[in-house]
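These are the residues of each chain, in order.
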Amino acid sequence: MTSQSIAAHVVASLHASGVTDFLLSPGSRSQALAIAAHQLEEAGLARLTVRLDERSMAFTGLGISVASKKPVALIVTSGTAVANLYPAVMEAHHSGVPLILLTADRPARLRNKGANQTTNQVGVFGFAATSFDVGLETSDSSAAEIAAQAVLTALSKPGPVQLNIQFDLPLSGTKPNPKDLVSSSPKTQPQTRKLIELAVPVDNHTVVIAGAGGHRAREFAEAAGLPLLAEPSSGARQGGNAIQFTLEAIEKLRESIRKVVVFGKPTLSRSVQRIISESSVYVENSFDYGEFDPYDNVIARGDYLIPDGKVDSAWLAQWQVELEVTPRCEFTNFVWEHSERLVLGASDLIRVLDATAKPRQLEVYSNRGLSGIDGTVSTAIGVAIAKGPTVALIGDLTLLHDASGLNKTDLPEFELKLIVGNDKGGHIFTRLEVANEIEPAVFDRLFKTAQSVDLAKLAQAYGWKYVVCENLDELKRAMTLRGAVIIDYQLVD
Ligand SMILES: Cc1ncc(C[n+]2csc(CCOP(=O)(O)OP(=O)(O)O)c2C)c(N)n1
Ligand SMILES: [Mg+2]
């Protein structure tokens, strides 16, 4: 049981259980895992993506996993490197993304003794990741079994699983090669779930709501003839039942809404939360996003909802309202209508789309597990690596928060347009009550945090193409650029 044989057996076992993407941030303690993952890639059995910053690396892995719908393994060295996985691990826990966290560790005998780069890594992610500790005494075959179990756990929950592996000197070698171990590795497959159906009585006071993960809502709404309020990231804002001007329509019809049928996890608007809190609620269980009952008013839930009846078309017709659109809305709708694969940042722009986007068929991703503005650039890079040409629509602070995610060193070629709605600070906060309660200068300092970073230089430093746009014609031209592009769209209200 050398470091290298443990690493090779773990990597081979992960592959046998369906992991084909490995991501790595360089380090010493993790060298055996790095070598094993590289050998698997050399054999044509996996893709290895290397990124310096563990936080960016983890979000890139999250993007790859969400887009490829497969478990992904992340390799890091010991110490603070492990903690840098935390934001992506929390997001993955709350959105059901199967990440396998391979955290290299010192031997357990060195814990709590002042040894360099040594801490208590086991279980460091708390509730957000199931944890296994692979000690020095673990045999190669047991390590392979634990790795297979880790994938099974990650897929069954679904969510992140930590495989903490202790390594002693010598830390690496070149044998065995994991490609020779794959066929003899244990194979696991999650059991298929038995779905419990639930028939939901529907009437002309019922609406269907789709939050993140709620793509099944479209099918239900169309079968029932009901209006569909689908968040842009739900994958259900499509077809004839999906409402375009959602918030305006809710305003008009609030009094008539008595029952809501919820798919996924809605998070974007207070209006939708209000109708959920004031109605009888039926929920389709989301295995990715978990429990949804924030107002303790769910009447019934099932794994697969089917409508009991069909409502006459007059109710749906009432939801077709018109609204005069603002420049912000024209900008977001332009992007929505000119993208086939879209990553949405968590802030104001996704909410503008929620209120106004025209239903259409496209692939949408957004970190709505915890709605962080961290890691969005890296998540989008992951989606682009996994699936091909991608557009991301993000705010200026969201770009800066993950500026180190722009580092393309060692990444494979990818095609990503980062469209930055640049309003110089956090526009979203102008919608909060606090905006009217404190002095404008204090508001600007505590919330808006107007940035004056030179994005052209930032792009140049990291080797991205850069173009600034003042209007939609310029944006249209910028959309024809290829490769890694930052489009700095000047948003003035
Ligand atoms: C990691 C993290 N920190 C802080 C927040 C709180 N937050 C939400 S939106 C936002 C500002 C976003 O500004 P920007 O990206 O420019 O988008 P805009 O609202 O201006 O479109 C902040 C700080 C968060 N969601 N996630
Ligand atoms: Mg902004």
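## Focus: the site of ligand 1
Around ligand 1 sit 17 residues, and of these Ser347, Asp396, Thr398, Gly425 and His427 come closest. At 3.2 Å from a nitrogen atom of ligand 1 is found a main-chain nitrogen or oxygen belonging to serine 371. Between ligand 1 and the protein, one listed contact pairs an oxygen atom with a side-chain N or O atom of aspartate 396 at 2.7 Å. Summarising the interface, the protein chains cover 76% of the accessible area of ligand 1, which totals 600 Å² for the free molecule.

## Thoughts on the sheet that holds strand β4 (residues 99-105)
Spatial strand order, β2-β1-β3-β4-β6-β5: six strands in an open sheet with parallel pairing. The open sheet has two free edges, formed respectively by β2 (47-50) and β5 (130-134), since each of these has just one partner strand. Each adjacent strand pair in this sheet contributes to an overall mean axis angle of 20°, direction not counted. As paired elements, β4 and strand β6 (residues 161-166) share six bridges and run parallel to each other. Residue pairing across strands places aspartate 105 opposite glutamine 166, the latter belonging to β6. Across the face of the sheet, helix α3 (residues 54-68) comes into contact with β1 (21-24), β2, β3 (72-76) and β4 while running at roughly 170° to β3. Across the sheet, helix α6 (residues 140-156) touches β4, β5 and β6, and the angle it forms with β5 is around 175°.

## Focus: the side chain of aspartate 21
Here aspartate 21 shows up in strand β1. Judged by its relative accessible area of 5%, aspartate 21 falls in the buried class. For aspartate 21, the side chain forms a polar contact with the side chain of arginine 47, separated by 2.7 Å. Look past the residues within four positions of aspartate 21 in its chain and what remains in contact with it is Arg47, Ile64, Val72 and Ala73.

## Observations regarding the coordination of the magnesium ion (ligand 2)
Listed as protein donors to the magnesium ion (ligand 2) are Asp396 (OD), Asp423 (OD) and Gly425 (O); their distances from the metal cover 2.0 to 2.1 Å. In primary-sequence terms, the residues that donate to the magnesium ion (ligand 2) follow D-x26-D-x1-G. With aspartate 396 in helix α14 (residues 396-401) and aspartate 423 in the loop between β17 (416-422) and α15 (440-448), this pair connects stretches of sequence that are 27 residues apart. Comparing aspartate 396 with aspartate 423, the two get one shared label, buried.

Definitions and cut-offs
- Residues numbered from 1 in each chain as written.
- Chains lettered and ligands numbered in written order.
- Predicted model: local features only at pLDDT ≥ 70, side-chain atom pairs only at ≥ 80, totals over all residues.
- Heavy atoms only, no water.
- Near = heavy atom within 4 Å.
- Polar contact = N/O pair within 3.5 Å; in protein donor to acceptor, adjacent residues only side chain to side chain.
- Areas by Shrake-Rupley, 256 points an atom, 1.4 Å probe, with all protein chains shown as cover.
- Pairing = 2+ DSSP bridges.
- Helix = DSSP H or I, 4+ residues; strand = E, 2+ residues; numbered from the N terminus.
- Axes fitted to C-alpha atoms, helices over the stretch in contact; angles between N-to-C directions.
- Contact = heavy atoms within 4.5 Å.
- Buried < 20%, exposed > 50% of the residue type's maximum accessible area, 1.4 Å probe, protein only.
- Donors = N, O, S within 2.8 Å, 3.2 Å for Na, K, Ca; no water.

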